[in-house]
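# Structure assessment
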Amino acid sequence: MRLAELSERSGVPTATIKYYLREGLLPPGERITATTAEYGDAHLRRLRLVRALVQVGKMPVATAREVLAAVEDESLDHHLRLGAAVWALPHPPGPPKEAPETTAARRTADELLRRLGWQYGLEVGPVSPTYGMLVNALAALARLGYPHAVENLLPYARLAGELAVADLDLVEEYETPAEQVEAAVALTVLLEPVLLSLRRLAEAEESHRRFRGDAPCP
């Protein structure tokens, strides 16, 4: 397809597509003439991914470029390629190493992973930005005096394990390794707001069941 058709089928303006091409977020098309190129289904998939990262995930273009580089790194095995692409997504700064609550939070995180049997998480913890997010969150709970013991966390972690199975089942519906890596990144960005919304809706339902009075809902 030509650029105009790619724009029509993707819903992305031609000017935006040209910008993505200049910034290296979209691979160049197959050159037909000096001024004309053709694009294929892989470009449509990549445009969906770029829109998920930049428009929905509010990711800076430079960061999106790093994520896409991880997506395309065929030197890694499939597991590491998936992990590298997801790890390249933006994460908050890691926890301060010298803070006492950080040390305690790391012990809690490690014990939680041991109780779950998540050996890979224990092995990569020191370099994993996601592990760092967990430590930060546990340290904040501790500072503010909210429950943060392993027993408090296990129900959430077990639910997360079930979600991981659903996530990977969905990713495996895509045929090629490249499509699966792209889907893993896009779904991580797009489904996290869905999960947050569903959690809050579920809490509202449970609160209504437990604590509702006789007054009608507003």
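See above for the structure.
Structure report, in brief. No experiment lies behind these values; they were computed from the predicted model shown. (Residues numbered from 1 in each chain as written. Predicted model: local features only at pLDDT ≥ 70, side-chain atom pairs only at ≥ 80, totals over all residues. Heavy atoms only, no water.)

### Observations regarding the overall build of the protein
- Looking only at helices and strands, the protein features 10 helices and 2 strands.
- Starting at the N terminus and ending at the C terminus, the protein contains elements arranged as α-α-β-β-α-α-α-α-α-α-α-α.
- C-alpha atoms of the protein, sized along the principal axes, occupy 65 × 50 × 30 Å.
- When each of the 218 residues of the protein is scored for burial, the buried share is 30%.
- When contacts within the protein are restricted to residue pairs at least 6 apart in sequence, those whose partners lie at least 24 apart make up 60%.
- In the protein, 24 positive and 30 negative side-chain charges are present, and the distance between their average locations comes to 6 Å. (Helix = DSSP H or I, 4+ residues; strand = E, 2+ residues; numbered from the N terminus. Buried < 20%, exposed > 50% of the residue type's maximum accessible area, 1.4 Å probe, protein only. Contact = heavy atoms within 4.5 Å. Lys, Arg positive; Asp, Glu negative; His and termini not counted. Charge placed at Lys NZ, Arg CZ, Asp CG, Glu CD.)

### Some points on helix α6 (residues 100-116)
- Between its first and last C-alpha atoms α6 spans 25 Å; for 17 residues at 1.5 Å apiece the expected length is 24 Å, and the two agree.
- Elements in contact with the buried residues of α6: α7 (119-124), α8 (129-144) and α9 (150-171).
- Downstream of α6 by one or two residues, Gly 117 has phi in the positive range, about 75°. (Expected span 1.5 Å × (residues − 1).)

### What to know about a nonpolar patch on the surface
- Together, Leu 80, Trp 87, Tyr 120 and Val 127 make up a nonpolar patch on the protein surface, roughly 380 Å² of accessible area in all.
- With respect to the helices and strands, Trp 87 occurs in helix α5 (residues 78-87).
- We classify Trp 87 as partly exposed; its relative accessible area is 31%. (Patch = residues over 30% accessible without salt bridge, like charges linked within 9 Å, V, L, I, M, F, W, Y side chains within 5 Å. Areas by Shrake-Rupley, 256 points an atom, 1.4 Å probe, with all protein chains shown as cover. Salt bridge = Lys/Arg side-chain N within 4 Å of Asp/Glu carboxyl O.)

### Observations concerning the environment of Leu 195
- Within the secondary structure, Leu 195 sits in helix α10 (residues 177-211).
- The class for Leu 195 is partly exposed, based on a relative accessible area of 38%.
- Taking the C-alpha atoms as reference points, Leu 195 and Thr 108, separated by 87 residues in sequence, lie 24 Å from one another.

### Details of the packing of aromatic side chains
- In this structure the tally under the stated criterion is 1 aromatic pair.
- Between the aromatic rings of Tyr 19 and Tyr 20, the centroid separation amounts to 6.1 Å while the plane-to-plane angle is 45°, which identifies the pairing as tilted.
- Of the residues examined, Tyr 19 reaches a relative accessible area of 32% and is grouped as partly exposed.
- For Tyr 20, a relative accessible area of 3% corresponds to the buried category. (Phe/Tyr/Trp six-rings, centres within 6.5 Å; stacked < 30°, edge-to-face > 60°.)

### What to know about helix α1 (residues 3-10)
- Along α1, the residues classified as buried are Leu 3, Leu 6, Ser 7 and Ser 10. Buried residues along α1 cover an arc of 100° about the axis, so they all sit on one side. Exposed side chains of α1 directed beyond 90 degrees from the buried face belong to Ala 4 and Glu 8.
- Lining the buried residues of α1 we find α2 (14-22), β2 (37-38) and α3 (41-56). (Arc of directions from axis to C-beta.)

### A look at the pattern of salt bridges
- Counting across every chain of the model gives 13 salt bridges.
- The partner of Glu 23 in a salt bridge is Arg 65, and the shortest N-O contact between them spans 2.8 Å. In this pair, Glu 23 sits in the loop between α2 and β1 (30-31) while Arg 65 sits in helix α4 (residues 61-71), placing the two residues 42 residues apart along the sequence.
- Exposure remark for Glu 23: the relative accessible area of 27% places this residue in the partly exposed category.
- Judged by its relative accessible area of 33%, Arg 65 falls in the partly exposed class.

### A closer look at the nonpolar core
- With 33 residues, the main nonpolar core has Leu 6, Tyr 20, Leu 25, Leu 53 and Val 185 as its most contacted residues.
- Looking at this core, the elements with two or more residues in it are α1, α2, α3, α4, α5 and α10.
- Ignoring any residue separated from it by four or fewer positions in sequence, one finds Leu 53 in contact with Lys 58, Met 59, Ala 64, Val 67, Leu 68, Leu 89, Val 185 and Val 189.
- Of all hydrophobic cores here, the second largest spans 13 residues; its members include Ala 105, Leu 112, Leu 113 and Tyr 131. (Core = buried A, V, L, I, M, F, W, Y, C linked by side-chain atoms within 4.5 Å.)

### Quick notes on the side chain of Arg 81
- Take Arg 81: it is sitting in helix α5.
- Glu 74 provides the closest opposite charge to the buried, unpaired Arg 81, separated from it by 4.3 Å.
- Ignoring anything within four residues of it in the chain, the contact list for Arg 81 reads Ala 70, Val 71, Glu 72, Asp 73, Glu 74, Leu 76, Pro 177, Ala 178 and Val 181.

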